[in-house]
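Spelled out from the first residue to the last, the chains are:
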Amino acid sequence: MEEIESIINRMDPEEALAAITKVLGTLLPSLGEEVRSQFLWDLMGESRGDKVSSLVHL
């Protein structure tokens, strides 16, 4: 993990995001729906339950 962070930290932010997007484009389809969904919730910084409970109040 430290090696990946080191590489990303040496890159321009836009370049790093483009590289991450390309890698995720190949990685995410190979994951199951539950794992992919949990990754996206984690990326947004919210737990799945928090998002669902906030929708109930709408």
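This section reports on the structure supplied with the text.

Conventions we followed
Residues numbered from 1 in each chain as written. Predicted model: local features only at pLDDT ≥ 70, side-chain atom pairs only at ≥ 80, totals over all residues. Heavy atoms only, no water. Helix = DSSP H or I, 4+ residues; strand = E, 2+ residues; numbered from the N terminus. Buried < 20%, exposed > 50% of the residue type's maximum accessible area, 1.4 Å probe, protein only. Areas by Shrake-Rupley, 256 points an atom, 1.4 Å probe, with all protein chains shown as cover. Expected span 1.5 Å × (residues − 1). Contact = heavy atoms within 4.5 Å.

**Comments concerning the overall build of the chain**
Reasoning step 1: Along its length, the chain carries four helices and zero strands.
Reasoning step 2: Reading the helices (α) and strands (β) of the chain from amino to carboxyl end gives α-α-α-α.
Reasoning step 3: Considering the chain as a whole, with its 58 residues, one finds that 7% of them fall into the buried category.
Reasoning step 4: Carbon and sulfur atoms make up 62% of the accessible area of the chain, which amounts to about 5,000 Å² in all.

**Observations concerning helix 3 (residues 33-44)**
Reasoning step 1: Relative to the 16 Å expected for 12 residues at 1.5 Å per residue, helix 3 spans 17 Å between its end C-alpha atoms, a close match to the ideal helical length.
Reasoning step 2: Of the residues one or two after helix 3, Gly-45 is the one with positive phi, at around 75 degrees.

**Examining the environment of Met-11**
Reasoning step 1: Along the chain, Met-11 falls in the loop between helix 1 (2-9) and helix 2 (13-27).
Reasoning step 2: With near-sequence residues (within four places) excluded, Met-11 lies in contact with Ala-16 and Ala-19.

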